[in-house]
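Inside the fold
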Amino acid sequence: MSTKKLTLLNADTANGNDKFRNEFGSWGTDGLSSPVYTKSLGNIDALEFSEETSIGTDSFYKTKVTVDISRLSDYYELANLITGTGVDTVFEDFAAEIQVPATTGEDLQAKVKYEYNYYDKKYEEELMETTTDIVEILSIYGMAAEANQNGTVADWLSSPTADSLAYNKEQNASAGTAEKYKTQMVIGNPALTIGTWEEDKNNFPMFVELQIPHNAERDIANNMQVTQLAAILMRDIIEDSGLESRDQVSLNSYLQTDSGMDNYDLSTDSIDLLDYWSMDIGAWENPIALPSDAMFVSNAAQFALFGSYSTQEELADQDGDYTASIAPYVDVLRGALDGLIEKHGRTYEEIISGTPAYSEIFMFKIAKYLTTNTDAAVQEFYFYNAGDETSGVQSFIDTQVKYDEEYQYSVTAYCAVVGSKYQYSVPLITHIEVEISNSIRLYEIPLFSSTGRIVMPPPYYPQSHIEQIKGVTKAMLFSFDTQVGETYEVPLSLTDKEQESNTQLLADETRSVDGEILYRSTAAMSGVQVYRTDVSPESYEDFKGNLFRTLSTDADLASDLTAGAVAKILKQPPNEKFYYMFRALGPHQETSNPSPVYEIELYSDGGVAYPITRLYEFGQESNKTTTKTMKNLLRITPRITQAMVNEQASGLVDESGNVLAPSLNDIVLGLEDEILFGKKFKIRITSKNTGKKMDLNVTFTTEAVQNDSAADPTGYVPPTPDATGVEGTSGLGGMGAVVDDTTGAEQFAKDFGDSMIIDSPTSQGLLGDSSGGGDTFGGGYGS
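Figured I'd write up the structure that's included with this text.

Moving on, we get to the overall build of the chain. Scanning the chain for helices and strands turns up 16 helices and 37 strands. The buried share among the 783 residues of the chain stands at 46%. By sequence separation, contacts in the chain at least 24 residues apart represent 73% of the contacts at least 6 residues apart. Carbon and sulfur atoms make up 47% of the accessible area of the chain, which totals about 37700 Å².

Looking now at the packing of aromatic side chains. Scanning the entire structure with this criterion turns up 29 aromatic pairs. Ring centres of Phe478 and Tyr580 lie 5.1 Å apart, and the angle between their planes is 40 degrees; on these two criteria the pair is classed as tilted. Remark: Tyr580 occurs in strand 28 (residues 577-585) and Phe478 occurs in strand 21 (residues 475-481); sequence separation between them is 102 residues. There is no split in this pair, since Phe478 and Tyr580 are both buried. The rings of Phe20, Phe24, Phe49, Phe91, Tyr348, Tyr422 and Tyr424 are connected pair by pair, giving a single aromatic cluster. In this arrangement the basic side chain of Arg441 is found over the ring face of Phe94, its NZ or CZ atom lying 4.2 Å from the centre. We note Arg532 situated over the ring of Phe548; from NZ or CZ to the ring centre the distance is 3.9 Å.

If you look at the biggest cluster of nonpolar residues, it comprises 65 residues, and the most contacted ones within it are Val208, Leu210, Ile366, Phe396, Tyr409, Ile445 and Ile454. At six residues, the largest contribution of residues to this core is made by strand 18 (residues 407-428). Excluding residues within four positions of it along the chain, Phe396 makes contact with Tyr141, Val186, Ile194, Val208, Glu209, Leu210, Ile366, Phe381 and Phe383. Counting 45 residues, the second-largest nonpolar core is a separate cluster that includes Ile220, Trp277, Leu290 and Tyr384.

Backbone geometry at Asp404 places phi at a positive 60 degrees, although glycine is not the residue there. In this structure, Asp404 sits in the loop between strand 17 (392-398) and strand 18. On the basis of relative accessible area, Asp404 is assigned to the partly exposed category, the value being 22%. Positioned with a positive phi, Asn575 is a non-glycine residue whose angle comes to about 55 degrees. Mapped onto the fold, Asn575 is located in the loop between strand 27 (565-571) and strand 28.

Neither face of strand 14 (residues 294-297) is exposed, since Ala294 and Phe296 on one face and Met295 and Val297 on the opposite face are all buried. Direction of pairing for strand 10 (residues 183-186) relative to strand 14: parallel, over a ladder of four bridges. Within strand 14, the position partnered with Val186 by the bridge is Val297.

Turning our eyes to something else, we now look at the sheet that holds strand 11 (residues 206-214). The strand order across the open sheet formed by three strands is 9-11-17, and the pairing between neighbours is antiparallel. Each of the sheet's edge strands pairs with one partner strand only, and the pair in question is strand 9 (111-116) and strand 17. Across this sheet, the average inter-strand angle for adjacent strands is 25 degrees, counted without regard to direction.

With that settled, consider the packing of helix 8 (residues 219-226) against helix 12 (residues 327-344). Interaxial distance between helix 8 and helix 12 falls to 9 Å at its minimum, and their mutual angle equals 160 degrees. In terms of axis orientation, helix 8 runs roughly antiparallel to helix 12. Our pair here, helix 8 against helix 12, has a crossing hand that is right-handed. Residues Asp219, Ile220, Asn223 and Met224 of helix 8 form the contact with helix 12, whose participating residues are Leu333, Ala336, Leu337, Leu340, Lys343 and His344.

The subject of this paragraph is a nonpolar patch on the surface. On the surface, Ile640, Met644 and Leu671 cluster together into a nonpolar patch covering about 280 Å² of accessible area. On the secondary structure map, Ile640 appears in helix 15 (residues 640-643).

Attention now goes to empty space enclosed by the protein. Summed over all chains, the structure comprises four cavities of 30 Å³ or more. Volume-wise, the largest cavity comes out at about 80 Å³. If you tally residues by element for the lining of the largest cavity, the top one is strand 2 (residues 25-28), at three residues. When the residues that make up the lining of the largest cavity are grouped by side-chain class, the tally is three nonpolar, six polar and four charged.

Attention now goes to the pattern of salt bridges. Oppositely charged side chains may form a pair once their charged atoms are brought near each other. Taken as a whole and assessed by the stated rule, the structure comprises 32 salt bridges. With a closest N to O distance of 4.0 Å, Lys64 and Glu435 form a salt bridge. Highlighted residues: Lys64 in strand 6 (residues 62-68) and Glu435 in strand 19 (residues 431-452), separated in sequence by 371 residues. Here Lys64 falls in the partly exposed class, since its relative accessible area comes to 27%. One salt bridge in this structure joins Asp269 and Arg246, with 2.6 Å as the shortest N-O distance. Note that Asp269 is positioned in strand 13 (residues 260-272) and Arg246 in strand 12 (residues 246-257), a separation of 23 residues in sequence. Each of the two residues, Asp269 as well as Arg246, counts as buried.

Calculation rules
Residues numbered from 1 in each chain as written. Predicted model: local features only at pLDDT ≥ 70, side-chain atom pairs only at ≥ 80, totals over all residues. Heavy atoms only, no water. Helix = DSSP H or I, 4+ residues; strand = E, 2+ residues; numbered from the N terminus. Buried < 20%, exposed > 50% of the residue type's maximum accessible area, 1.4 Å probe, protein only. Contact = heavy atoms within 4.5 Å. Areas by Shrake-Rupley, 256 points an atom, 1.4 Å probe, with all protein chains shown as cover. Phe/Tyr/Trp six-rings, centres within 6.5 Å; stacked < 30°, edge-to-face > 60°. Lys NZ or Arg CZ within 6 Å of the ring centre and 35° of its normal. Core = buried A, V, L, I, M, F, W, Y, C linked by side-chain atoms within 4.5 Å. Pairing = 2+ DSSP bridges. Axes fitted to C-alpha atoms, helices over the stretch in contact; angles between N-to-C directions. Parallel < 35°, antiparallel > 145°, perpendicular 65-115°, else oblique. Left-handed = near helix turned anticlockwise from the far one by under 90°. Patch = residues over 30% accessible without salt bridge, like charges linked within 9 Å, V, L, I, M, F, W, Y side chains within 5 Å. Salt bridge = Lys/Arg side-chain N within 4 Å of Asp/Glu carboxyl O. 1 Å grid on protein atoms, 1.4 Å probe; cavity = no way out; pocket = protein on both sides within 12 Å on 5 of 7 lines; lining within 4 Å. Points joined across faces, edges and corners; volume = space filled by probe spheres on them. Nonpolar A, V, L, I, M, F, W, Y, C, P; charged D, E, K, R; others polar.

If you want it as structure tokens, here you go:
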């Protein structure tokens with residue numbers, strides 16, 4: 001168990017108010033480490049101490065010792081120092097070194113866990129009603145006590161239900177029965193009371209578990225249990241602000257940490273147990289009932305079929321109809337205190353030598369606040385550091401919590417310190433008499449605090465499918481299914497609320513590992529968030545503020561039945577790229593991590609549309625060739641005389657005009673002296689705006705197709721060839737250009753769509769008029 005040393009110094013010891021003692025030693029610190037007591041060995045060795053004897057009948061409370069200072073060379077000055085400033089002055093020494101739970105480090109055991117177990121829709125709907133008070137929510141210990149009293153105790157507790165919560169609220173509204181849960185006091189050994197039900201925490205949809213380490217020093221707490229007055233003492237410490245034994249004191253506190261020493265002043269509530277016995281325990285003469293806003297938690301009823309108070313509870317909570325005398329137990333308490341002081345009290349020689357007072361953690365206090373108001377606790381829990389265990393961790397389970405409501409738990413401890421009060425007298429110039437009054441004082445000191453909220457682990461991201469819709473050119477069908485599984489991932493937050501939830505989950509060691517949190521889906525998702533942007537994203541951050549649609553799987557709001565899938569037709573302009581990301585939603589609208597990003601284009605041409613979908617990776621260009629239709633920007637066609645059949649060159653007629661037998665393989669197009677087909681052309685296009693250039697390498701080819709289905713002619717009719725372009729824009733009669741280099745077509749559209757200059761010095765007579773962005777041009781460079 002990891003602990004840190006806390007040094008407490010009361011005002012006299014911290015400030016060195018005892019001038020006589022300062023000659024023999026004092027507490028001090030270098031500011032970097034815990035205080036140490038520095039002794040003047042030569043001076044202490046020169047002192048002689050008589051045997052300490054009891055004064056009067058106060059047993060171990062008061063003792064007296066004579067100190068011979070004659071062997072000191074300056075004894076005369078020391079005696080005068082006491083005579084002048086110290087006679088009848090009462091000094092205190094409650095300097096203590098306490099091992100407290102560490103709040104940092106790898107083996108940290110002092111912690112608070114905010115746990116969500118399972119989703120119960122009806123219970124949470126009742127729980128989240130604005131009229132639900134925290135104290136009305138079912139308590140694991142309250143349910144255990146009720147099971148005990150009804151004689152139905154088993155090794156487990158039943159789970160809370162919406163009906164049982166509604167019943168609690170009704171009873172509290174009519175009789176205030178839930179008010180007692182504001183202050184819950186555990187008496188006896190906590191391992192045998194609240195520890196008995198620790199495993200039943202998993203029957204509750206949600207809970208907060210506070211793990212508080214304890215150690216072997218628990219002698220005082222255990223002795224108080226034996227007296228049967230521990231419940232009364234706890235009640236008075238908590239409820240009675242007018243105790244005569246109560247006081248506010250100031251302490252200097254020094255906590256040793258991993259990085260050094262933390263020094264702070266502490267104003268704390270303090271109760272002297274000896275003063276309590278002599279001044280305040282007299283309340284037994286007028287038995288009182290426990291306040292209506294407080295309750296005891298114990299295991300006493302486990303041993304009675306119909307339930308009964310333990311002796312401690314009967315003594316501390318009397319309703320006026322029955323009066324139990326506490327007189328026999330008052331003397332038992334006195335004997336316990338005597339024994340503890342005899343065992344742990346210090347002699348004056350030990351005090352002046354710097355021996356710290358015996359101390360232990362006596363009792364723990366857990367104050368629970370709403371972060372909307374940290375001035376007043378909404379609940380307080382107390383339990384003794386009692387039991388037989390030498391060391392370990394005591395868990396306190398708080399099931400009276402709401403989903404996603406932020407709480408602050410402040411854990412403090414009442415430390416018991418067996419300290420001393422003393423005063424001097426000078427019967428002889430060479431001798432000093434010291435009267436010592438030993439006492440057990442309680443100080444409330446802070447241990448640790450935690451702020452958090454209960455949130456459900458987020459789901460796994462959804463499976464997605466994108467499909468075309470027949471006959472629809474401006475929309476697609478998006479389908480999403482619950483993806484069952486789990487994974488650990490670094491959380492990505494797109495809103496401040498998500499950041500809060502993810503921070504809480506990262507603090508939960510059961511649901512996070514090395515900065516990654518658990519994403520898990522074991523039940524149907526409640527919906528899907530669809531994010532969309534028309535700008536290629538560089539990271540998931542670019543999807544912030546681009547929530548396109550939220551789709552619900554709850555098709556019938558009147559039914560509790562839910563679906564695990566949802567489909568929706570979503571509109572998208574055709575022939576434009578959009579980037580999509582999807583996230584699944586849990587029952588509380590908790591969000592999954594983003595899905596992979598999809599680049600989706602709804603391609604449409606001539607009334608036919610289909611989606612082009614690919615996975616998109618941040619920072620990488622598409623691995624597909626970018627294409628774009630150019631009919632509206634550039635059209636290249638042959639001149640009409642280049643598209644006509646040259647009958648004589650094709651062997652269809654002789655020089656005299658006589659018709660010859662046709663042969664499809666010999667057809668020649670073009671009546672000009674220089675024909676078009678079979679040549680290569682380079683067309684250079686220059687942008688007027690940017691000056692960028694693009695070259696198109698173009699060739700023209702022909703293809704003859706024979707119509708085999710036609711009837712045999714009665715007389716010869718010259719065939720009409722059907723020539724088509726292999727690729728590019730068709731010309732007259734099916735002639736076309738083959739564009740060998742289409743790389744950068746989309747960039748061409750951006751750069752040259754405004755206006756173009758076509759460089760064409762040698763193509764005159766080969767190509768017909770063509771247009772591009774309003775400029776007239778023709779042909780290109782001949783090969």
